[in-house]
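Here are the chains, one letter per residue:
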Amino acid sequence: MRTIPIPGTDLNASALCLGTNRFGSELDARASAALLDAFVDHGGNFVDTAHIYADWIPTAPRSASEKTLGAWLKAGRRRDQIVLATKGGHPDLATMRQPRLSRHDLEQDVESSLACLGTDHIDLYWLHRDDPARPVGEIIESLTAIQRTGKIRYFGCSNWRTPRLRAAQDYATGHGLAGFVANQPQWSLAVPNPAALSDPQGLVVCDAETRAYHLATGLALMPWSAQGQGYFDKLERLGVVGLGEADRRKYDSPVNRGLHPIVRALAQRHDVSVGVIALSYLLSQPFATYPVIGPRTPEQLVAGLPAVALTLTAEELEALDRGRLAADREC
């Protein structure tokens, strides 16, 4: 797998980032290690987790994903080989409407993440949510202060709306600070149904304004749910009637059904699966993207790897974007 330097950093990250939200819960330690080993064996080095991952499962240990990843890093002595990203600043799940982006909150979360991961530094630290009531300057200053301790090397934002992202970057530039080095919204070729978002106020989907900002600034974009839960693969194999309830609720729509023939035609042209086309759509953008993938098995991981070697043409991207245009207008 090829690596791509993250703009504005000295991090050389694999084109695909392995998401770990199932680690330590749906996937036990052995299954998680098997995925991580396969990812590294195929040239991957960029791994993404979050301090809160799996905390919504009553039977799972707190911060199960970070702890599982930390145990794997320690067992294989691979910390220096991995571009390690985690997220903090998420509201407590019992009080989701109470933001946690004070400097104290962030310092507390960073310390907890370091302990769970068994490391003394985090390469890329994400803010898991925004607090629109808190001035962006205060947030940037808090992150910069933590960065100066060496406990985080770079920081980014997840689920921030573009006006807030722009304001934060403008503040950082105006005060001689580094600011965010990456943005992590939800984005996939399959357009999610807005009503199906688990937290519509806090989760942000990449739209035309976001893409225009990344194109203009060159800021790296690392979309989560990048494979749209395999919607096009499932539609190809099972048809509409075979989709599960969750897939129908989250992704099935006239827009995505209309995209399917275009995706299929491109898959036939390039002799790859429709799922590879969906990933290649993100990787072929005219700015640095690092899709966060969430396979459950090494086999699912390997199935998506051909996307790294496939660059869609401008005309092919335009054909896919025309299919998504109606959805973008609704966002």
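Here, the structure is the one placed above.
Computed from a prediction, not measured in an experiment: that's the story for all the values here.

Q: Give a description of the overall build of the protein that names residues and reports values.
A: A tally of regular secondary structure across the protein gives 13 helices and 10 strands. For the protein, the C-alpha radius of gyration of 19 Å lies close to 20 Å, the compact-globule estimate for 331 residues. Each principal axis of the C-alpha atoms in the protein carries an extent, and together these give about 50 × 45 × 40 Å. Counting all 331 residues of the protein, 56% fall into the buried class. In the protein, the share of contacts with a sequence separation of at least 24, taken over all contacts with a separation of at least 6, comes to 76%. Distance between charge centres in the protein, computed from 34 positive and 37 negative side chains, equals 2 Å.

Q: Any chance you could break down the packing of aromatic side chains for me, citing the residues and the numbers?
A: This structure, assessed with the given rule, holds eight aromatic pairs. Ring geometry for Tyr-231 versus Tyr-251: centroids 6.5 Å apart, planes at 40 degrees, classification tilted. Taken together, the positions of Tyr-231 in helix H7 (residues 231-238) and Tyr-251 in the loop between helix H8 (245-250) and helix H9 (254-270) put the pair 20 residues apart, joining distant regions of the chain. Of the residues examined, Tyr-231 reaches a relative accessible area of 0% and is grouped as buried.

Q: Could you give an account of the environment of Leu-312, naming the residues involved and the relevant values?
A: With respect to the secondary-structure elements, Leu-312 resides in the loop between helix H12 (306-309) and helix H13 (314-330). Separated by 184 residues in sequence, Leu-312 and His-128 place their C-alpha atoms 31 Å apart. In this structure, Leu-312 is in contact with His-270, Ile-277, Ser-280, Tyr-281, Ser-284, Leu-317 and Leu-320, ignoring residues within four places of it in sequence.

Q: An account of the sheet that holds strand S7 (residues 152-158) is requested, with residue identities and associated values reported.
A: The eight strands lie next to each other as S9-S8-S7-S6-S5-S4-S3-S10, forming an open sheet whose pairing is parallel. Each having just a single partner strand, strand S9 (220-221) and strand S10 (292-293) make up the two edges of the open sheet. The pairing of S7 with strand S8 (residues 182-184) spans two bridges and is classified as parallel. In the sheet register, Cys-157 faces S8, and the bridge partner there is Asn-183.

Q: Give me the pattern of salt bridges: which residues, what numbers.
A: Taken as a whole and judged by the stated rule, the model has 23 salt bridges. For Asp-130, the salt bridge goes to Arg-164, with nearest N and O atoms at 2.8 Å. A residue pair is termed long-range when its members are at least 10 positions apart, and Asp-130 in the loop between strand S6 (122-127) and helix H4 (136-147) and Arg-164 in helix H5 (residues 162-174) qualify at 34 residues. Both residues of the pair, Asp-130 and Arg-164, count as buried. Put simply, Asp-10, Arg-79, Asp-123 and Arg-153 are held in one network by salt bridges that share partners.

Q: I'd like a rundown of the nonpolar core, residues and numbers included.
A: Core analysis: the largest hydrophobic core is formed by 91 residues, its most contacted members being Phe-46, Leu-143, Phe-180, Met-222, Phe-232 and Tyr-290. Among the elements that line this core, the one with the most residues is helix H10 (residues 274-283), at eight residues.

Q: So what about helix H1 (residues 29-41)? Which residues, and what values?
A: Each α-helix winds once per 3.6 residues, and so residues spaced three or four apart point in a common direction. For H1, built from 13 residues, the straight-helix expectation of 18 Å at 1.5 Å per residue is met to within 8% by its first-to-last C-alpha distance of 18 Å. Among the residues making up H1, those that are buried are Ser-32, Leu-35, Leu-36, Ala-38, Phe-39 and Val-40. Along its buried surface, H1 packs onto strand S2 (12-14), strand S3 (17-19), strand S4 (46-48), helix H2 (64-76) and helix H11 (298-304). Put simply, Asp-28 is the residue that caps the front of H1, since its side-chain oxygen is 3.2 Å from the backbone nitrogen of Arg-30. Two residues or fewer after H1 comes Gly-43, characterised by a positive phi angle close to 95 degrees.

Reading the values: the criteria
- Residues numbered from 1 in each chain as written.
- Predicted model: local features only at pLDDT ≥ 70, side-chain atom pairs only at ≥ 80, totals over all residues.
- Heavy atoms only, no water.
- Helix = DSSP H or I, 4+ residues; strand = E, 2+ residues; numbered from the N terminus.
- Rg over C-alpha atoms; globule rule 2.2 N^0.38 Å.
- Buried < 20%, exposed > 50% of the residue type's maximum accessible area, 1.4 Å probe, protein only.
- Contact = heavy atoms within 4.5 Å.
- Lys, Arg positive; Asp, Glu negative; His and termini not counted.
- Charge placed at Lys NZ, Arg CZ, Asp CG, Glu CD.
- Phe/Tyr/Trp six-rings, centres within 6.5 Å; stacked < 30°, edge-to-face > 60°.
- Pairing = 2+ DSSP bridges.
- Salt bridge = Lys/Arg side-chain N within 4 Å of Asp/Glu carboxyl O.
- Core = buried A, V, L, I, M, F, W, Y, C linked by side-chain atoms within 4.5 Å.
- Expected span 1.5 Å × (residues − 1).
- Polar contact = N/O pair within 3.5 Å; in protein donor to acceptor, adjacent residues only side chain to side chain.

On their own, these measurements won't tell you what the molecule is for.
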